Amino acid sequence: QVQLVESGGGLVQAGGSLRLSCAASGFASSTYTMAWFRQAPGKEREFVAAINWRGSIIFLEDSVKGRFTISRDNAKSTVYLQMNSLKPEDTAVYYCAAHLGTVVTGTRETYRDWGQGTQVTVSS
């Protein structure tokens, strides 16, 4: 059974940084694509970043380019989201997602497995 567990959320002032982690387990193969999505109150869940299993292909949503970085450590089965220069509009629940394919995409429906989410709150 696939399990994704996020951690690292919290409260931070605008301009600050946080690093989210997502520990994955239960995959039959290591060749899975990982992604981060976020959902603010009253809004749709939106794509943030994705990375292929090698870590060689990365896709970032435009509003986070230059501020957020996605990476993964396959030895630890963990994907990270380093968030710098945080803004109040980054406030949301952040979700880790995965699919057993090679397509690096921001399309929510592609991802089969999801974590429970971790809250990120950025104060102004």
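Source: prediction; values computed, not measured.

**Here we look at the state of the cysteines**
A covalent bond between the sulfur atoms of two cysteines is referred to as a disulfide. Summed over all chains, the structure comprises one disulfide. Linked covalently through their sulfurs, cysteine 22 and cysteine 96 form a disulfide whose S-S length is 2.1 Å. Judged by the sign of its S-S torsion, about -80°, the bond between cysteine 22 and cysteine 96 is left-handed. In this pair, cysteine 22 sits in strand E3 (residues 18–25) while cysteine 96 sits in strand E9 (residues 92–99), placing the two residues 74 residues apart along the sequence. In this structure cysteine 96 comes out as buried when scored by relative accessible area, which is 0%.

**With respect to the pattern of salt bridges**
The full count for this structure, using the stated rule, is seven salt bridges. Close ionic contact of arginine 108 with glutamate 44 constitutes a salt bridge, the shortest N to O distance being 3.7 Å. Of this pair, arginine 108 sits in the loop between E9 and strand E10 (113–114) while glutamate 44 sits in the loop between strand E4 (33–39) and strand E5 (46–51), and the two are 64 residues apart along the sequence. Judged by relative accessible area, arginine 108 falls into the partly exposed class, the value being 29%. Aspartate 113 is paired through a salt bridge with arginine 112; the nearest N and O atoms lie 4.0 Å apart. Looking at aspartate 113, the relative accessible area reads 15%, which means it is buried.

**Section: unusual backbone geometry**
We note that serine 77 has phi near 50°; this positive angle belongs to a residue other than glycine. A relative accessible area of 27% means that serine 77 is categorised as partly exposed. Residue serine 85 is not a glycine yet carries a positive backbone phi of 50°. Within the element layout of this structure, serine 85 appears in the loop between strand E8 (78–83) and E9.

**Points about the sheet that holds strand E7 (residues 68–73)**
Neighbouring strands of a sheet are bound in pairs by backbone hydrogen bonds; such pairs are parallel or else antiparallel. Spatial ordering of the open sheet is given by E1-E3-E8-E7, a layout of four strands whose pairing is antiparallel. A single partner strand is all that each edge strand has here, and the edge strands are strand E1 (3–7) and E7. In this sheet, neighbouring strand axes are inclined to one another by 15° on average, regardless of whether the strands run parallel or antiparallel.

Criteria and thresholds
Residues numbered from 1 in each chain as written. Predicted model: local features only at pLDDT ≥ 70, side-chain atom pairs only at ≥ 80, totals over all residues. Heavy atoms only, no water. Disulfide = S-S within 2.5 Å. Helix = DSSP H or I, 4+ residues; strand = E, 2+ residues; numbered from the N terminus. Buried < 20%, exposed > 50% of the residue type's maximum accessible area, 1.4 Å probe, protein only. Salt bridge = Lys/Arg side-chain N within 4 Å of Asp/Glu carboxyl O. Pairing = 2+ DSSP bridges. Axes fitted to C-alpha atoms, helices over the stretch in contact; angles between N-to-C directions.

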